[in-house]
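Fold and contact review
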Amino acid sequence: MPAPITTLSATPLFFNARPAWERTIAVSIKMQAISTTSRDGLMQTHATTNRGIYTIRYAVVRNRASRLAYQPTQLAQLTAPTWVPFWPFRALTTNSLGIGGTSVSISLLSSVDWFAAGDWVLLYEASAAGTNQWRQIASVTGQTLTLVALGGSLAFGTGSSIAPARLCVRERGEAQADLYHETSEIESVNFRTL
Amino acid sequence: MSVLPYPIFHFEPDFTREPRYGVASAQAPLKISNATEVVLFHQERADRIFAFDFALSGSAGFALAEFFRERGGITRPFFLPSWRRDLQHLASVSAGQTTIDVEYINYSVTHLTGTSLDHYGRFVFIWTPGQSVFVERVIQAVPTGTSYDTLSLDSPIPFTADKQLVLMGFAHVARFTEQSLDLTHIRPSLCSAEITFRSYREAITI
């Protein structure tokens, strides 16, 4: 029996830099199919994938301190896949999650593709200075997620945001930032799913 | 009561940016030296094109992305309301009714006959504010002189169709024309998208 092909050669990382919403976030979904339209107007299609490739592009503004702290992570992200939150698809929590809690209900119905068991999610508070924490989903029942127990887990109140994430790589294997101010920069974040 | 063969694309266009409509067919000009140009028509019938812009709030952007994924891009068709007043209904209809009178357009001949080039009207949509889009098959259209057509639907209208409020038109069997969908978010709960659809002839004979 042949050995399964492993696609991940490095431990995944996590990316949780918040987007600058005023610069918009673009999400693109690409499916693949072969289609033929007959002379009498009927169409036949043959889907070659059942799961789309998602691309997310947004901007992150960093000041000097956060830029310096981020640089080692940025270098690592170019050599390993990264869990990236899909901020626009975020749901809100409809119950509070206490310290050490593992059960949280969300405002969106879990789908086959998002908020699924095994995926990671980013819990965060809306305010810029709000706390955030990555948690992994153990199981899903309707709109209730059971999270994998985590030592040192934080508490989140009702109405906190919870963003689903995808394992992504940097497009074209590069990261780029523009100088915004002599102490600040704007990074153009550009990830696509595996 | 019928079971619709396809799901309904229930997202309303942003009417502040005019929806655009067209027809398109496949043809290719063939020019050989000084001979008269010949045009090859690849299709016997033209398809209808719909180009809508959307402004989606709340979790509607997420729902649209999921709809696109579930349809496999262009792979699977769905019912697309034209969002035009293709039909003018003549009197309010209470919930539970299956017949509705519309202005005379010789509906049974124009839209329900298989040989008609424009028989796109076998399914209609009815929309009124605050309600989900209702799509149903027209099983019969009976003209009363040249005054009006009485349409019989396969299942009852689930809400009161007030004459002043209702928008009624054709629901087309359509597909996305592109294999990718772009959503631009300007806030966590507001995004925009520009989508083009193409209605195809459907093979279903119901």
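Everything numeric here is computed off the predicted structure, so don't read it as measured data. (Residues numbered from 1 in each chain as written. Chains lettered and ligands numbered in written order. Predicted model: local features only at pLDDT ≥ 70, side-chain atom pairs only at ≥ 80, totals over all residues. Heavy atoms only, no water.)

**With respect to the overall build of chain A**
Keep this limit in mind: Under the DSSP-based scheme used, a helix requires at least four consecutive residues in state H or I and a strand at least two consecutive residues in state E, with every element numbered from the N terminus. Note on definitions: a residue-residue contact is assigned when non-hydrogen atoms from the two residues lie within 4.5 Å. Every accessible area reported is derived by Shrake-Rupley at a probe size of 1.4 Å, with residue values counting cover from the shown protein chains alone. Note on charges: Lys and Arg go in the positive column, Asp and Glu in the negative column, and His and the chain ends are not counted at all. A charge is said to be at NZ when it belongs to Lys, at CZ for Arg, at CG for Asp and at CD for Glu.
A tally of regular secondary structure across chain A gives one helix and 14 strands. Taking the principal axes of its C-alpha atoms as reference, chain A extends roughly 60 × 45 × 45 Å. Counted over contacts in chain A with a minimum sequence separation of 6, partners at least 24 positions apart contribute 69%. Of the roughly 9,900 Å² that chain A leaves accessible, carbon and sulfur atoms contribute 54%. Across chain A, 15 positive and 11 negative side-chain charges occur, with their mean positions spaced 3 Å apart.

**Examining the side chain of Ser-160 of chain A**
Residue and element names in this part refer to chain A. The criterion, for reference: Throughout this description, buried means an accessible area under 20% of the type-specific maximum (1.4 Å probe, protein chains only), exposed means over 50%, and partly exposed covers the range between. Here a polar contact is recorded for every N or O atom pair within 3.5 Å, except that within protein the pair must consist of a potential hydrogen donor and a potential acceptor, and residues adjacent in sequence are included only if both atoms are side-chain atoms.
Mapped onto the fold, Ser-160 is located in the loop between β11 (144-147) and β12 (161-170). Take Ser-160: its relative accessible area is 5%, and that puts it in the buried class. A polar side-chain atom of Ser-160 sits 2.8 Å from the main-chain carbonyl oxygen of Gly-157. Setting aside chain neighbours within four positions, we find Ser-160 in contact with Ala-91, Leu-92, Thr-93, Tyr-124 and Glu-125.

**Looking at the nonpolar core**
We count it as follows: Buried Ala, Val, Leu, Ile, Met, Phe, Trp, Tyr and Cys residues that are joined via side-chain atoms within 4.5 Å together make up what is termed a nonpolar core.
Membership of the largest hydrophobic core comes to 74 residues, with the highest contact counts inside it found for Phe-115 of chain A together with Phe-9 and Phe-197 of chain B. Here the element with the most residues in this core is helix α1 (residues 60-70) of chain B; it accounts for six residues. Each residue touching Phe-9 of chain B, except ones within four places of it in the same chain, is listed here: Phe-54, Leu-64, Phe-67, Phe-78, Phe-79, Leu-80, Pro-81, Phe-176 and Phe-197 of chain B. Core analysis: the next-biggest nonpolar cluster, separate from the first, contains 18 residues, Leu-87, Ile-100, Phe-134 and Ala-141 of chain B among them.

**What to know about the interface of chain A and chain B**
Here is the rule we go by: What counts as buried area is the accessible surface, traced by a 1.4 Å probe, that two parts surrender upon association, with contributions from both included. Salt bridges, as used here, are contacts in which a Lys or Arg side-chain nitrogen is within 4 Å of a carboxyl oxygen on Asp or Glu.
Facing 31 residues of chain A, the contacting portion of chain B comprises 31 residues. Approximately 2,800 Å² of surface area, both sides summed, lies buried where chain A meets chain B, with 58% of it carried by carbon and sulfur atoms. At the boundary of chain A with chain B, the tally comes to one salt bridge. For Asp-113 of chain A, the salt bridge identified is with Arg-69 of chain B, shortest N-O distance 3.3 Å. The interface formed by chain A and chain B contains eight residue pairs in polar contact (both at pLDDT 80 or more).

**Regarding the pairing of strand β12 (residues 190-199) of chain B**
Residue and element names in this part refer to chain B. Under the convention used in this document: When DSSP finds two or more bridges between a pair of strands, those strands are recorded as paired.
Of the strand pairs in this sheet, strand β4 (residues 47-57) and β12 are connected by 10 bridges, and their pairing is antiparallel. Bridging from a neighbouring strand, Ala-55 pairs with Ser-192 of β12. Across three bridges, the pairing between strand β10 (residues 167-176) and β12 is antiparallel. What sits directly across from Arg-175, in β12, is Arg-198. Hairpin connection, strand β11 (residues 180-187) to β12: the antiparallel pair is bridged by two residues.

**Here's the deal with the packing of aromatic side chains**
Keep this limit in mind: Aromatic pairs are defined between Phe, Tyr and Trp rings, using the six-membered ring for Trp, whenever the two ring centres lie within 6.5 Å; interplanar angles under 30 degrees are classed as stacked, those over 60 as edge-to-face, and all others as tilted. Counted as over-ring charges are cases with an Arg CZ or a Lys NZ within 6 Å of the ring centre that also lie within 35 degrees of the ring normal.
On inspection of all chains with the given rule, the structure shows 38 aromatic pairs over all chains. Aromatic pair Tyr-21 of chain B and Phe-50 of chain B: ring centres 5.7 Å apart, planes at 85°, arrangement edge-to-face. Pair noted here: Tyr-21 of chain B is in strand β1 (residues 20-24) and Phe-50 of chain B is in strand β4, with a separation of 29 residues, a long-range link. According to the relative accessible area criterion, Tyr-21 of chain B is partly exposed, its value standing at 29%. Classification of Phe-50 of chain B as buried rests on a relative accessible area of 1%. Between Trp-83 of chain B and Trp-127 of chain B the ring centres are 5.8 Å apart and the planes differ by 70°, which places this aromatic pair in the edge-to-face class. Taken together, the residues span a long stretch of sequence, with Trp-83 of chain B in the loop between β5 (78-81) and β6 (99-103) and Trp-127 of chain B in strand β7 (residues 123-127) at a distance of 44 residues. Take Trp-83 of chain B: its relative accessible area is 4%, and that puts it in the buried class. Among the aromatic residues, ring-to-ring pairing joins Phe-9, Phe-11, Tyr-21, Phe-50, Phe-52, Phe-54, Phe-67, Phe-68, Phe-78, Phe-176 and Phe-197 of chain B into one connected group. The side chain of Arg-62 of chain A reaches across the aromatic face of Tyr-70 of chain A, ending 3.5 Å from its centre.

**Points about the confidence of the model for chain A**
For clarity, the threshold we go by: Every residue is assigned a pLDDT by the predictor, reflecting its confidence on a scale from 0 to 100.
A residue-level look at chain A finds 94% of positions with pLDDT of 70 or above and a mean pLDDT of 85. The least confident element of chain A, judged by mean pLDDT, is strand β13 (residues 176-181) of chain A at 77; the most confident is strand β8 (residues 103-105) of chain A at 95.

**A look at the side chain of Ser-152 of chain B**
Assignment of secondary structure puts Ser-152 of chain B in strand β9 (residues 148-153). Among residues more than four places away in sequence, those in contact with Ser-152 of chain B are Thr-98, Thr-99, Arg-137, Val-138, Ile-139 and Gln-140 of chain B.

**Considering the environment of Leu-78 of chain A**
Residue and element names in this part refer to chain A. With respect to the element layout, Leu-78 can be found in the loop between α1 (64-77) and β6 (82-85). Taking the C-alpha atoms as reference points, Leu-78 and Arg-172, 94 residues apart in sequence, are found 9.8 Å from one another. In contact with Leu-78, other than residues within four places in its own chain, are Arg-170, Gly-173, Glu-174 and Ala-175.

**Details of α1 of chain B**
All names here are of chain B. Counting buried positions along α1 gives nine out of 11 residues, so the element sits mostly inside the fold. Every buried residue of α1 is accounted for by Ala-60, Gly-61, Phe-62, Leu-64, Ala-65, Glu-66, Phe-67, Phe-68 and Arg-69. A positive backbone phi angle near 65° is found at Gly-72, which sits one or two residues after α1.

**Observations regarding unusual backbone geometry**
Of note in this structure, Phe-115 of chain A is not a glycine but carries a positive phi near 55°. Structurally, the position occupied by Phe-115 of chain A is in the loop between β8 and β9 (120-124). Residue Phe-115 of chain A is classed as buried on the basis of its relative accessible area, which comes to 1%. Backbone geometry at Ser-33 of chain B places phi at a positive 45°, although glycine is not the residue there. Position of Ser-33 of chain B among the secondary structure elements: in the loop between β2 (27-30) and β3 (38-41). For Ser-33 of chain B, a relative accessible area of 61% puts it in the exposed group.

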